[in-house]
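Report on the structure
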Amino acid sequence: MTDTTTSPAWHLVGDWFDTCKCAIPCPCTFAQPPTEGDCEGVLVWHIREGRFGDVPLDGLNFVMLGSFTGNIWAGAATDSRAAFFIDERADDQQRGALGTIFSGQAGGWPKKFGELATTEVLGMDVAPITVEIGDDLRAWSVEIPGRVTARAEALTGPTAPEGGRVQLHNAPGAEVGPGRIATWGRATTDHADAFGFSWNRSGKSSKHFPFDWSGPD
């Protein structure tokens, strides 16, 4: 690990999505408290292109299980807990780079987002992570065998145009940072059994955001 004073320049571009216990659409993205006052879910990052100094990170995945109570965007969140999975395809250098970036120690948006709440980290593991994201954002999913399964389909309805997506611009509570467009979905599977997190549900909120991060500033 390192800190922002010694971190090399880094840049990640990719896809982020979640599944959570909130009703559709998750009010957290509107900078409001969760539907039931607390939220728990799966958060997934798929890195299309990435580099930490000279360490390439293209194609790697990172997954978080998390929960909290209250409005995280108002600085009022409590009982924040998290656990992490790093892609088993990453070598030691890549694992170190991902841990440094996502812990916020390399600056950028992860550092800013991490400052919103004091979070208890329950663990971190290396695991096989399979992420699938439709080119047309019709569906997205993640699988960590025996531990995490999250699948979602893009939200649609009788007045939605064929192939059109339900999207939000200028989200006041975008988990990936400002300036990104959310595509709303419905979770068809949302299952976790790891690090003390345990749930199995469907029909709740999901959303996809592209992300483009850099640091260490």
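Refer to the structure printed above.
Analysis parameters
- Residues numbered from 1 in each chain as written.
- Predicted model: local features only at pLDDT ≥ 70, side-chain atom pairs only at ≥ 80, totals over all residues.
- Heavy atoms only, no water.
- Helix = DSSP H or I, 4+ residues; strand = E, 2+ residues; numbered from the N terminus.
- Rg over C-alpha atoms; globule rule 2.2 N^0.38 Å.
- Buried < 20%, exposed > 50% of the residue type's maximum accessible area, 1.4 Å probe, protein only.
- Contact = heavy atoms within 4.5 Å.
- Phe/Tyr/Trp six-rings, centres within 6.5 Å; stacked < 30°, edge-to-face > 60°.

Another aspect to go through is the overall build of the protein chain. Of regular secondary structure, the protein chain possesses 2 helices and 13 strands. Taken over the C-alpha trace, the protein chain has a radius of gyration of 16 Å; the compact-globule value for 217 residues is 17 Å, and the two agree within 12%. Here the C-alpha coordinates of the protein chain stretch approximately 50 × 35 × 35 Å along the principal axes. The buried share of the protein chain, taken over its 217 residues, is 50%.

A word on the environment of V148. Examined against the element boundaries, V148 turns out to sit in strand 9 (residues 148-154). For V148, a relative accessible area of 0% corresponds to the buried category. For the pair V148 and Q93, spaced 55 residues apart in the sequence, the C-alpha separation amounts to 25 Å. With near-sequence residues (within four places) excluded, V148 lies in contact with V42, L65, F85, V142, E143 and H191.

What follows is about the packing of aromatic side chains. This model, assessed by the stated rule, comprises 12 aromatic pairs. Geometrically, the ring pair formed by F30 and W184 is stacked, given 6.0 Å between the ring centres and 5° between the ring planes. Taken together, the positions of F30 in the loop between strand 1 (10-20) and strand 2 (38-52) and W184 in strand 11 (residues 182-194) put the pair 154 residues apart, joining distant regions of the chain. Overall, the relative accessible area of 31% leaves F30 in the partly exposed class. Relative to F62, the ring of W45 lies with its centre 5.9 Å away and its plane at 65°, an arrangement referred to as edge-to-face. Taken as a pair, W45 in strand 2 and F62 in strand 4 (residues 61-69) lie far apart in primary sequence, 17 residues in all. Overall, the relative accessible area of 8% leaves W45 in the buried class. The structure contains a cluster of three or more aromatic residues connected by ring pairs, namely W45, F62, F84, F102, F211 and W213.

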